[in-house]
Amino acid sequence: MSFISPPSPPTDNLYKFVAISGLLLLVGAPVYWTTFEVKLQERQTEAWVSLFERIQVPGEYLVPPRFENIPEGNRGHEKWQALRDSIDSQEAEHFRISAQLHDLERVERLVSVVSLLAGALGLLFASLGFRFWYVRVQLPQDQLLKKQLAEASTSRVV
């Protein structure tokens, strides 16, 4: 009683698949990284522009008005208080944008590392896939064809 042998995987297609997948990773990783980097730079530029547009400290903030119990003093105090609240909100926005920039830099480092690893993995897959395909599939096929050609040419001569 003989057991049914399991089907062997199509190594020719498997090696080609690994090689082509490696090429796609090798080409796709830098393209993705470049696209991501351009978009990230745009977001960082927008954040910096927003940050510099928001931070404006007028001179009257640095010298508070005298607070006297007269109507002009009270209006000056209210105006200065509103200015102080505005600058406090600008500082809060500054911290929010700074945190956003810090997060963008972390994501940038992560994407750079992942893209570099994907590119290296693609190079490895492509080289191994093409190497295995050539050594294990193509060379035996070439040798078989040469042998068949030699046999065919010797049989014609006879």
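Residues numbered from 1 in each chain as written. Predicted model: local features only at pLDDT ≥ 70, side-chain atom pairs only at ≥ 80, totals over all residues. Heavy atoms only, no water.

*Asks:* Got a sec to walk through the overall build of the protein? Specific residues and values, please.
*Replies:* When helices and strands are counted, the protein shows 3 helices and 0 strands. Secondary structure elements of the protein occur, N-terminal to C-terminal, as α-α-α. Across the protein, the fraction of contacts at a sequence separation of at least 24, relative to all contacts at a separation of at least 6, is 83%. Split by element, the accessible area of the protein, about 12300 Å² in all, is 66% carbon and sulfur. (Helix = DSSP H or I, 4+ residues; strand = E, 2+ residues; numbered from the N terminus. Contact = heavy atoms within 4.5 Å. Areas by Shrake-Rupley, 256 points an atom, 1.4 Å probe, with all protein chains shown as cover.)

*Asks:* Just give me the short version of the confidence of the model for the protein, but keep the residues and values in it.
*Replies:* Should the pLDDT be low somewhere, the predicted coordinates at that spot are not to be read in detail. Predicted confidence across the protein gives a mean pLDDT of 80, with 78% of residues reaching 70 or more. Confidence scores differ between elements of the protein, with helix 2 (residues 59–62) showing the lowest mean pLDDT of 57 and helix 3 (residues 71–157) the highest of 84. (pLDDT = per-residue confidence, 0-100.)

*Asks:* Break down the side chain of E108 for me, citing the residues and quoting the values.
*Replies:* Considering the arrangement of structural elements, one finds E108 in helix 3. We note that E108 is buried and unpaired, the nearest opposite charge coming from R109 at a distance of 6.6 Å. If we ignore the near neighbours within four places in the chain, the residues touching E108 are F36, E37, L40, Q41 and Q44. (Buried < 20%, exposed > 50% of the residue type's maximum accessible area, 1.4 Å probe, protein only. Lys, Arg positive; Asp, Glu negative; His and termini not counted. Salt bridge = Lys/Arg side-chain N within 4 Å of Asp/Glu carboxyl O.)

*Asks:* Before we move on, can you summarise the pattern of salt bridges with the specific residues and values?
*Replies:* Side chains carrying opposite charge are able to pair once their charged atoms draw close together. Counted by the stated rule, this structure contains 1 salt bridge. We note a salt bridge from D103 to R106, for which the minimum N-O separation is 3.6 Å. Taken together, the residues D103 and R106, both in helix 3 and 3 residues apart, mark about one turn of the helix. Note on D103: relative accessible area 36%, which makes it partly exposed.

*Asks:* Describe the packing of aromatic side chains, naming the residues involved and giving the relevant values.
*Replies:* As enumerated under the stated definition, the model contains 2 aromatic pairs in all. When the centroid spacing of 6.3 Å and the interplanar angle of 25° are considered together, the rings of Y32 and F36 count as stacked. With Y32 and F36 both in helix 1 (residues 11–54) and 4 residues apart, this pair spans about one turn of that helix. Here the basic side chain of R136 rests over the ring of F132, its NZ or CZ set 4.3 Å away from the ring centre. (Phe/Tyr/Trp six-rings, centres within 6.5 Å; stacked < 30°, edge-to-face > 60°. Lys NZ or Arg CZ within 6 Å of the ring centre and 35° of its normal.)

*Asks:* How would you explain the environment of W133 if you had to name every residue and give the values?
*Replies:* Relative to the assigned elements, W133 resides in helix 3. Since its relative accessible area comes to 22%, W133 is described here as partly exposed. Measuring from C-alpha to C-alpha, the distance between W133 and A19 comes to 8.5 Å, with 114 residues separating the pair along the chain.

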